[in-house]
Amino acid sequence: MSSSSSAAARRGGKAPGPAGRPPMRDALVDAAFRLFLERGYERTTVDDIVALAGVGRRSFFRYFPSKEDVVFPDHEGCLAGLTAFLSASPQDAEPVGRACDAARLVVRMYAQNPAFSVQRYRLTKEVPGLRAYELSVVWRYQRALAGYLRTRLAGRPDGALRADVIAAAVVAAHNNALRSWLRADGRGDAVAAVDHALGQVRSAFGGTPPAPGGERPEDVVVVVARRDAPLWRVVRELESALGRS
């Protein structure tokens, strides 16, 4: 990475954390990314990270099981939040819409700190091991979505298959929009971009979305008549279908 990227990390690259999260955890993430950007991921050790953060190795492993985990410090909490959100879904909630709403929790996590999210994206692209780790994280999100949808679609024809397909579509739409935003260095509205992509999923699996401005699509009326029926009879049938006398 360039020195300008390293400076950006010092200015605003710290991973966002909810109120009450231990400052030491954030200090470890900040130290790790400073070293990753200056030395490279492979050349940075856990000992290097704890030395820069001014803590011991035991403190590091109290918060992160491995060096890979420090690159994705917010995903465990986000996954827990997504799972809780799905578990608390009202029984009358439309399943596909609810799954899309859950996916929005993930993009909001990224959008909290664009600088950190972009730096992580660049780092992950460069390190094959991190790409594999990221795929495992994505799979856990998809599995949570599929589990919720399987429960809601149980008993329907091909319910399990439909649940798995929809979950994969939600993840694919989310990731397509998110990565476009990351490739643009975090410029623009990430949430709006993901909302647009998820609209494709809702259109395909969750019914037709409302027309712009809240207007309902126009009704389509089909009248069946004999080929040799006189025109006046066809008109009468049409008027009857439209409720006119």
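About the thresholds
Residues numbered from 1 in each chain as written. Predicted model: local features only at pLDDT ≥ 70, side-chain atom pairs only at ≥ 80, totals over all residues. Heavy atoms only, no water. pLDDT = per-residue confidence, 0-100. Contact = heavy atoms within 4.5 Å. Helix = DSSP H or I, 4+ residues; strand = E, 2+ residues; numbered from the N terminus. Buried < 20%, exposed > 50% of the residue type's maximum accessible area, 1.4 Å probe, protein only. Expected span 1.5 Å × (residues − 1). Polar contact = N/O pair within 3.5 Å; in protein donor to acceptor, adjacent residues only side chain to side chain.

### Description of the confidence of the model for the chain
Averaged over all residues, the pLDDT of the chain equals 83, while 75% of them reach at least 70. With pLDDT under 50 throughout, residues 1-20 is counted as low confidence; its partners more than four residues away or in other chains account for 38 contacts. Contacts of residues 207-218 to residues separated by more than four positions or lying in other chains number three contacts, the stretch itself having pLDDT below 50.

### Concerning unusual backbone geometry
The phi torsion at Asp-158 lies on the positive side, around 55°, for a residue other than glycine. Residue position: Asp-158 is located in the loop between helix 9 (128-152) and helix 10 (159-183). For Asp-158, a relative accessible area of 57% corresponds to the exposed category. Although it is not a glycine, Asp-185 sits at a positive phi angle of roughly 60°. Within the element layout of this structure, Asp-185 appears in the loop between helix 10 and helix 11 (190-205). Since its relative accessible area comes to 35%, Asp-185 is described here as partly exposed.

### A short note on helix 7 (residues 95-111)
Since the α-helix advances by 3.6 residues per turn, residues separated by three or four positions end up pointing in the same direction. Given a rise of 1.5 Å per residue, 17 residues ought to cover 24 Å, and the 25 Å separating the end C-alpha atoms of helix 7 matches this to within 8%. Among the residues of helix 7, the N-terminal cap falls to Glu-94, whose side-chain oxygen and the backbone nitrogen of Val-96 are separated by 3.2 Å.

### Considerations on the environment of Asp-185
Residues Asp-185 and Val-118 lie 67 residues apart in sequence; the distance between their C-alpha atoms is 5.9 Å. Beyond its immediate sequence surroundings of up to four residues, Asp-185 is in contact with Val-118 and Arg-122. At a separation of 2.7 Å, a polar atom in the side chain of Asp-185 contacts the side chain of Arg-122.

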